[in-house]
Amino acid sequence: MRHFSGLLVGLVMTAALLFGGGWAVQEAGTDAVALSGESNPRTWVVLGVMAGIGLLFGLVVAGRVSPLATFVPSMVLLSWNVVYALDARRAAGLIADVVSLHPALAPAGRGVAPLLAGGVYALLGVALFVPVLMPSRWSGRVREDDGYERSNDEGYY
């Protein structure tokens, strides 16, 4: 059951990195004026999405849910980077142009391309793969048992 929940967390993490990260990068935009002193609610939403993805990333990497929670997104990101290294045109063809889930996620496809080309997904893929290599992540929690029976007699030595 632990690994099944890890698989589900991994799928959520993959969607958050691809759709949420792509949307946030596209909405932040390269034409935004940095340090202009002005902020609008859209800027706060984008920063909140980025912070939420970072928080989810940290919890998945540091938590002990299951190694599948980090293995699934790491394999998606690393395999996509291998395709990009071998054939950039084919990797760009895997980016969704029109998202059928919701019109608000349509900019996510345009925001994924700079993350893939800039190597951000390679960096995140390696960072997500490192916890998979730890043997302690694959074993269940050890229950401490000292071998003595527990008695209900509290007052006796």
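Residues numbered from 1 in each chain as written. Predicted model: local features only at pLDDT ≥ 70, side-chain atom pairs only at ≥ 80, totals over all residues. Heavy atoms only, no water.

Q: Tell me what's going on with the overall build of the chain, and back it up with residues and numbers.
A: Helix and strand counts for the chain stand at 7 helices and 0 strands. In the chain, the succession of helices and strands from N to C terminus is α-α-α-α-α-α-α. By residue count, 27% of the 157 residues in the chain fall in the buried class. Intrachain contacts of the chain at a sequence separation of at least 6 include 81% that bridge at least 24 residues. For the chain, the exposed surface amounts to about 10800 Å²; the carbon and sulfur share of it is 65%. (Helix = DSSP H or I, 4+ residues; strand = E, 2+ residues; numbered from the N terminus. Buried < 20%, exposed > 50% of the residue type's maximum accessible area, 1.4 Å probe, protein only. Contact = heavy atoms within 4.5 Å. Areas by Shrake-Rupley, 256 points an atom, 1.4 Å probe, with all protein chains shown as cover.)

Q: Give me the UniProt feature "transmembrane region" (unreviewed entry) in the chain: which residues, what numbers.
A: Mapped onto the present numbering, the UniProt feature "transmembrane region" (unreviewed entry) falls at residues 43-61, 68-86 and 112-134. Annotated as residues 43-61, this span is 100% helix and 0% strand, and its ends, taken at the C-alpha atoms, are 27 Å apart. Helix and strand shares over residues 112-134 are 70% and 0% respectively, and the end C-alpha atoms of the span are 30 Å apart. (UniProt positions renumbered as here; feature names shortened; annotations may be inferred.)

Q: Give me helix α1 (residues 2-28): which residues, what numbers.
A: One turn of the α-helix equals 3.6 residues, which is why residues spaced by three or four share an orientation. Between its terminal C-alpha atoms α1 stretches 37 Å, which fits the 39 Å expected from 27 residues at 1.5 Å a residue. If you look at α1, its biggest bend is around 25°, right at A16. Buried residues along α1 sit in contact with α2 (41-62), α3 (68-86), α5 (107-117) and α6 (120-129). Phi for G29, located one or two positions after α1, is positive at around 70°. (Expected span 1.5 Å × (residues − 1). Bend = angle between axes of the 7 residues up to and from the residue.)

Q: So what's going on with the nonpolar core? Residues and values would help.
A: Judged by nonpolar contacts, the single largest core of 17 residues is most densely connected at L17, L77, W80, Y121 and L124. Listed by contribution, the elements that provide at least two residues to this core are α1, α2, α3, α5 and α6. (Core = buried A, V, L, I, M, F, W, Y, C linked by side-chain atoms within 4.5 Å.)

Q: Quick rundown of the side chain of N81? Include the residues and the values.
A: Relative to the helices and strands, N81 resides in helix α3. Polar contacts involving the side chain of N81 include one to the main-chain carbonyl oxygen of L77, which spans 2.7 Å. With sequence-adjacent residues up to four places away left out, N81 is seen in contact with L116, Y121 and A122. (Polar contact = N/O pair within 3.5 Å; in protein donor to acceptor, adjacent residues only side chain to side chain.)

Q: Which residues make up α5, and what values do they have?
A: Among all positions in α5, only P107, A108, G109, G111, V112, L115 and L116 are buried. Considering only its buried residues, α5 is in contact with α1, α3, α4 (88-93) and α6. One or two residues past the end of α5 sits G119, with phi positive at roughly 85°.

Q: How would you summarise the packing of α3 against α5 if you had to cite specific residues and measurements?
A: Here α3 crosses α5 at 75°, and the two axes come no closer than 11 Å. The angle between α3 and α5 falls in the class roughly perpendicular. Counting all contacts with α3, which are made through W80, N81 and Y84, the residues of α5 involved are V112, L116 and A117. Split into classes, the residues belonging to the contact of α3 with α5 amount to 5 nonpolar, 1 polar and no charged. (Axes fitted to C-alpha atoms, helices over the stretch in contact; angles between N-to-C directions. Parallel < 35°, antiparallel > 145°, perpendicular 65-115°, else oblique. Nonpolar A, V, L, I, M, F, W, Y, C, P; charged D, E, K, R; others polar.)

Q: I'd like to hear about the packing of aromatic side chains, residue by residue, with values.
A: Remark: the centre distance and the inter-plane angle together describe each pair of aromatic rings, the angle taken between the planes. Tallying each qualifying case throughout the model produces 2 aromatic pairs. Measuring from ring centre to ring centre gives 6.3 Å for F71 and F129, while their planes differ by 40°; the resulting arrangement is tilted. With F71 in helix α3 and F129 in helix α6, this pair connects stretches of sequence that are 58 residues apart. The class of F71 is partly exposed, set by a relative accessible area of 29%. (Phe/Tyr/Trp six-rings, centres within 6.5 Å; stacked < 30°, edge-to-face > 60°.)

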